[in-house]
Amino acid sequence: MDKAKLESIAKKIMTPGCGILAADESTGTIKKRFDSIGVESTPETRNGYREMLFRTPGFGEHVSGVILFDEQLRADGSDGTPLRQIIEDAGSVPGIKVDKGAKDLASAPGEKVAEGLDGLRERFAEYAELGAGFAKWRAVIDIADGIPTQYCIDTNAHALARYAALSQEAGIVPIVEPEVLMDGAHDIDRCFEVTEAVLNALYDELFAQRIFLEGSLLKPNMVIAGKRSPKQASAEEVAGKTVQCLKRAVPAAVTGIVFLSGGQSEEEATAHLNAMNASHDLPWPLSFSYGRALQQAALQAWQGKDENWAAAQRAFAHRAKMNGLAAKGEWNVGLEKAA
Ligand code: 13P
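Residues numbered from 1 in each chain as written. Predicted model: local features only at pLDDT ≥ 70, side-chain atom pairs only at ≥ 80, totals over all residues. Heavy atoms only, no water.

What to know about the overall build of the chain
Piece 1. The number of helices and strands found in the chain is 13 helices and 10 strands.
Piece 2. Overall size of the chain, expressed as C-alpha extent along the three principal axes, is 50 × 45 × 40 Å.
Piece 3. Restricting to contacts in the chain with at least 6 residues of sequence separation, those with at least 24 account for 79%.
Piece 4. When the accessible surface of the chain is split by element, carbon and sulfur atoms take 49% of a total near 13,600 Å².
Piece 5. Across the chain, 37 positive and 47 negative side-chain charges occur, with their mean positions spaced 1 Å apart. (Helix = DSSP H or I, 4+ residues; strand = E, 2+ residues; numbered from the N terminus. Contact = heavy atoms within 4.5 Å. Areas by Shrake-Rupley, 256 points an atom, 1.4 Å probe, with all protein chains shown as cover. Lys, Arg positive; Asp, Glu negative; His and termini not counted. Charge placed at Lys NZ, Arg CZ, Asp CG, Glu CD.)

Thoughts on the packing of aromatic side chains
Piece 1. Summed over all chains, the structure comprises eight aromatic pairs.
Piece 2. Arranged with centres 4.9 Å apart and planes meeting at 35°, the rings of Tyr 49 and Trp 302 form a pair that is tilted. Highlighted residues: Tyr 49 in helix H3 (residues 43-54) and Trp 302 in helix H11 (residues 292-302), separated in sequence by 253 residues. Per residue, the accessibility class of Tyr 49 equals that of Trp 302, and both read buried.
Piece 3. Here Trp 137 and Tyr 163 contribute two aromatic rings whose centre-to-centre distance is 5.4 Å and whose plane-to-plane angle is 25°, an arrangement assigned as stacked. Of this pair, Trp 137 sits in strand E6 (residues 134-141) while Tyr 163 sits in helix H7 (residues 150-169), and the two are 26 residues apart along the sequence.
Piece 4. With a relative accessible area of 0%, Trp 137 lands in the buried category.
Piece 5. Three or more aromatic residues link up through ring pairs in this structure, and these residues are Phe 34, Tyr 49 and Trp 302. (Phe/Tyr/Trp six-rings, centres within 6.5 Å; stacked < 30°, edge-to-face > 60°. Buried < 20%, exposed > 50% of the residue type's maximum accessible area, 1.4 Å probe, protein only.)

A closer look at the confidence of the model for the chain
Piece 1. In the predicted model, the chain carries a mean pLDDT of 98, and the fraction of residues at 70 or more is 100%.
Piece 2. The element-level mean pLDDT for the chain is lowest in helix H13 (residues 333-338), coming to 91, with strand E8 (residues 217-218) highest at 99. (pLDDT = per-residue confidence, 0-100.)

Remarks on the state of the cysteines
Piece 1. For the coordinates displayed, the defined rule picks out zero disulfides.
Piece 2. Sulfur of Cys 191: no disulfide; nearest cysteine sulfur belongs to Cys 245 and is 7.6 Å away.
Piece 3. On the basis of relative accessibility, which here comes to 2%, the residue Cys 191 falls in the buried class.
Piece 4. For Cys 245, a relative accessible area of 1% corresponds to the buried category. (Disulfide = S-S within 2.5 Å.)

Quick look at the nonpolar core
Piece 1. Core analysis: the biggest nonpolar cluster contains 87 residues, and Leu 21, Phe 54 and Tyr 163 have the highest contact counts within it.
Piece 2. Residues contacting Tyr 163, with those up to four places away along its chain left out, are Val 98, Leu 117, Leu 120, Phe 124, Ala 135, Lys 136, Trp 137, Pro 174, Ile 175 and Val 176.
Piece 3. Ranked by size, the runner-up nonpolar core spans 15 residues in total, among them Ile 67, Val 93, Phe 212 and Val 258. (Core = buried A, V, L, I, M, F, W, Y, C linked by side-chain atoms within 4.5 Å.)

A short note on the site of the ligand
Piece 1. Close to the ligand lie 13 residues; Lys 136, Lys 219, Ser 261, Gly 262 and Arg 292 are nearest.
Piece 2. In this structure, Ser 261 approaches the ligand through a side-chain N or O atom, which is 2.5 Å from an oxygen atom.
Piece 3. Within the backbone of Gly 262, a nitrogen or oxygen atom sits 2.7 Å from an oxygen atom of the ligand.
Piece 4. About the coverage of the ligand: the protein hides 91% of its 300 Å² of free accessible area.
Piece 5. Counting residues per element, the ones that place at least two in the shell around the ligand are E6 and strand E10 (286-290).
Piece 6. Along the lines of polarity and charge, the residues of the shell around the ligand split into three nonpolar, four polar and six charged. (Near = heavy atom within 4 Å. Polar contact = N/O pair within 3.5 Å; in protein donor to acceptor, adjacent residues only side chain to side chain. Nonpolar A, V, L, I, M, F, W, Y, C, P; charged D, E, K, R; others polar.)

Details of the packing of H3 against helix H12 (residues 309-326)
Working note: a packed helix pair is described by the angle between its axes plus the distance between those axes.
Piece 1. Viewed as axis vectors pointing N to C, H3 and H12 meet at an angle of 60°, and their least axial separation amounts to 9 Å. In terms of orientation, H3 and H12 fall into the oblique class. Crossing of H3 over H12 shows right-handed handedness. In contact with Gly 48, Glu 51, Met 52 and Leu 53 of H3, H12 contributes Trp 309, Ala 312, Gln 313 and Phe 316.
Piece 2. Its residues placed into classes, the contact of H3 with H12 shows five nonpolar, two polar and one charged. (Axes fitted to C-alpha atoms, helices over the stretch in contact; angles between N-to-C directions. Parallel < 35°, antiparallel > 145°, perpendicular 65-115°, else oblique. Left-handed = near helix turned anticlockwise from the far one by under 90°.)

Overview of the pairing of E6
Piece 1. Of all eight residues in E6, seven are buried; the element is thus mostly enclosed.
Piece 2. Of the strand pairs in this sheet, strand E3 (residues 93-97) and E6 are connected by three bridges, and their pairing is parallel. Pairing of Lys 97 across the sheet is with Lys 136, part of E6.
Piece 3. As paired elements, E6 and strand E7 (residues 173-180) share eight bridges and run parallel to each other. The partner of Phe 134 across the bridge, within E7, is Val 173.
Piece 4. Taken together, E6, H7 and E7 constitute a β-α-β crossover, and its handedness is right-handed. (Pairing = 2+ DSSP bridges. Right-handed = clockwise from strand over helix to strand, strands pointing away.)

In structure tokens, the structure reads:
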């Protein structure tokens, strides 16, 4: 394992004022996003939309890494330049989503396990050749009556650690993503309890499977009430509880933590990240690895039309800049209005 290389990639991704653009929507998920604006999902639109984002002027100022889906890691832009090269030329690191999605977990009604370990060593060898500097594996933990079970938590933690070990063996920084979903009606304290249990199981497994923590990143959910909960928490409470939960469970040796947005609005995701960085002493840098919370406004501005490239890029650049400020605790809502 090339520890120096792993740690240096992880540190580059955690450059102050920068974070990750999660543009690794699977073919099924990007179709849903395109359906919302009435655009057909074809290889041309899937690649063209991503090319538009990656060619945003100043892209690398706040985006230090981009997670790609397999199709885009192999795809070229309109002038024949590989998309991964466009990302690197902007000063950002291309990464790759490697899990094969969440499938029903046997004997556990309502629960999922992320699959994709078979053949993963060989896939990693190819991804390393294609220039991926980091990878992502997302496990999904749902909260509802009687779930999650410890069985589901442990099975997903074990798979995340097996993935992380293979990733580090290939010289690729693993991002471990155990996402506790915010779809339910649960309150913030239930999210805290489940997130803490999930992170404890995860770091037990990462230790057992000899993961080099300095050469890894964590992509967690924030500790937040379910979307259908009548009791929504303030930004200060989300920030305070998220930091408390992470401090209990995540070793200080981990090089950085980059949150998913998970269905928060764009501004909420920024406000929550900012509140954590502005008001708390932290053992690791906290930044973003947002999908929806970086792309919603850009997708709306784009509408599938080439003539809207500049407007969509402006919308994207604005969100990237706001989140870059939040990663330093320097954002405030007035900056949104000013823009
Ligand atoms: P969201 O920020 O839209 O949750 O996406 C992040 C991600 O990569 C989920 O795996």
